[in-house]
Amino acid sequence: MASKDILLALGPAAALGLGRFAYALVLPLMQAAWGLSYAEGGLLGSANTLGYLLGAFLSHGLLGRLGYRRGFFLALLLQGPVLVLTPRLGEAPAFLLRFLQGGLGALVFVAGAALLMAQGRSGRALGVYYGGVGLGLLLAPWLLVGVKSPEGAWGRLGLGAFLMALPPLLAWRELKEPPPPAQGEGSLRPVLPLLVAYGLYGAGYIGYMTFITTSVGHWTLLFSLLGLGALLTGPLWGPWVERVGGRRGLFHVLLVLFLGSLPPLALHLLPVSALLFGLSFLGVITAITQAFRKALPPSAWPRAMGLSTAAFALGQALGPAVAGLFAQHLGKGEGALWAASALLLLALLPAWPKSRKGPGTWPPGT
């Protein structure tokens, strides 16, 4: 089964790497062909973020009824058709389709992680799963080489997402559902500070991702290094998080992410900044997942994953606005990067490591 775990990583690659983050690469084509303003382009991005937020909030209930395995594959197989249709029905339907893609992407991400946790997979395996996003980031600019229209761009991304959805089907029969919640085991109080840290991480991370492209050129280099770093999430952070624990690992990876986001590094040593950021931004998810496994009973893991993804999405919705206002106040784009770094610095505070043993572990005292 271990080798088939890797196949599930194609889910985040398709749903997030191609379906979500590649939007930044297609937006210039849509602006040229449709005459979209920056505000309209931003609204399309917000529609996707809102769909992701709603999908994350509803994921625990929806997947609990539908089944995590069935929900994962259904949402994943729908990625391709939704992406292909995005530019073909007109501008208004494009907003709805970006919203739908965001919701489906959240279901893919939450369901796949919950399934791997239910199999008892290690932090390294979870790191490989989350690092699948990096594969999508790495492939996206190359899939779009030579494309000249929004229809062609979304068509290629949709075909790529559909092809990525097929290999994970080989793992269907060996996946088991997460256990249902048991009465009295559903409290998420032990991990509430981590949820706050995760929301602030979402805000700071998307602030960097949104404004780094307006501050520097070399988009292909940027996406390639981000993707390469993300692919190394499993081998790098998985073993480390297993060694030091989820909470300590979360603090460590957030610290590296903060350092990689600092504007002096981003503006003057972009390859170093992009590689550090790529290595770390998905490592945060690996670490917080391990923290959930230590602090909560198995029956609470799926709900924790859903709420953490919602906190992340909420941070993503607010982060660009906060960073943009900061840049406007300073009168230069560099201010947005400073705001993103400040949000990541704030995320370090609730993630501050505690002692290895105590009431914050499951079972109590372990």
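Residues numbered from 1 in each chain as written. Predicted model: local features only at pLDDT ≥ 70, side-chain atom pairs only at ≥ 80, totals over all residues. Heavy atoms only, no water.

### Points about the overall build of the protein
The number of helices and strands found in the protein is 18 helices and 0 strands. Out of the 366 residues belonging to the protein, those deemed buried represent 56%. The long-range share in the protein, meaning contacts at least 24 apart out of those at least 6 apart in sequence, stands at 85%. On the protein, roughly 14,700 Å² of surface is accessible, and the fraction owed to carbon and sulfur atoms is 70%. (Helix = DSSP H or I, 4+ residues; strand = E, 2+ residues; numbered from the N terminus. Buried < 20%, exposed > 50% of the residue type's maximum accessible area, 1.4 Å probe, protein only. Contact = heavy atoms within 4.5 Å. Areas by Shrake-Rupley, 256 points an atom, 1.4 Å probe, with all protein chains shown as cover.)

### Topic: the environment of Ala317
Note that Ala317 resides in helix H17 (residues 301–330). Between the C-alpha atoms of Ala317 and Leu50, which are 267 residues apart in sequence, the distance is 7.3 Å.

### A look at the packing of helix H12 (residues 233–244) against helix H15 (residues 270–281)
When two helices pack together, their arrangement is given by the angle between the helix axes and the distance between those axes. H15 packs onto H12 with a crossing angle of 55 degrees between their chain directions and a minimal axis gap of 9 Å. Considering their axes alone, H12 and H15 lie oblique with respect to each other. The interaxial crossing formed by H12 with H15 has right-handed handedness. In this structure, H12 contributes Thr233, Leu236 and Trp237 to the contact, and H15 contributes Gly278, Leu279 and Ser280. In terms of residue class, the contact of H12 with H15 is made up of 3 nonpolar, 3 polar and no charged. (Axes fitted to C-alpha atoms, helices over the stretch in contact; angles between N-to-C directions. Parallel < 35°, antiparallel > 145°, perpendicular 65-115°, else oblique. Left-handed = near helix turned anticlockwise from the far one by under 90°. Nonpolar A, V, L, I, M, F, W, Y, C, P; charged D, E, K, R; others polar.)

### Considerations on the packing of aromatic side chains
Considering all chains together, one arrives at 16 aromatic pairs under this definition. Both rings, one in Tyr208 and one in Phe277, keep their centres 3.9 Å apart while their planes meet at 15 degrees; by these two values the pair is stacked. One end of the pair, Tyr208, is in helix H10 (residues 192–215); the other, Phe277, is in helix H15, and 69 residues separate them in sequence. Each member of the pair Tyr208 and Phe277 is classed as buried. (Phe/Tyr/Trp six-rings, centres within 6.5 Å; stacked < 30°, edge-to-face > 60°.)

### A look at the confidence of the model for the protein
Summarising the model, the protein shows a mean pLDDT of 81, and 87% of its residues fall at 70 or more. Confidence, expressed as mean pLDDT per element, reaches its minimum in the protein at helix H1 (residues 2–8) with 69 and its maximum at helix H6 (residues 79–85) with 95. In the model, residues 357–366 has pLDDT below 50 throughout and makes 15 contacts with residues more than four positions away in sequence or in other chains. (pLDDT = per-residue confidence, 0-100.)

### A look at the nonpolar core
Among the nonpolar cores identified, the biggest contains 114 residues, and Phe72, Tyr130, Tyr201, Tyr205, Leu254, Phe277 and Phe281 are the most heavily contacted of them. The element contributing the most residues to this core is helix H7 (residues 91–118), with 14 residues. The contact partners of Phe277, leaving out residues within four places of it in the chain, are Tyr205, Tyr208, Met209, Leu226, Leu257, Ser261 and Leu344. (Core = buried A, V, L, I, M, F, W, Y, C linked by side-chain atoms within 4.5 Å.)

### Concerning the packing of helix H2 (residues 10–21) against H7
Running from N to C, H2 and H7 cross one another at 155 degrees; their axes reach a closest spacing of 9 Å. By the angle between their axes, H2 is roughly antiparallel relative to H7. The element H2 and its partner H7 pack so that their crossing is left-handed. Packed against H2, whose contacting residues are Gly11, Pro12, Ala15, Leu16, Gly19 and Arg20, the element H7 presents Arg98, Gln101, Gly105, Val108 and Phe109 at the interface. Considering only residue class, the contact of H2 with H7 consists of 5 nonpolar, 4 polar and 2 charged.

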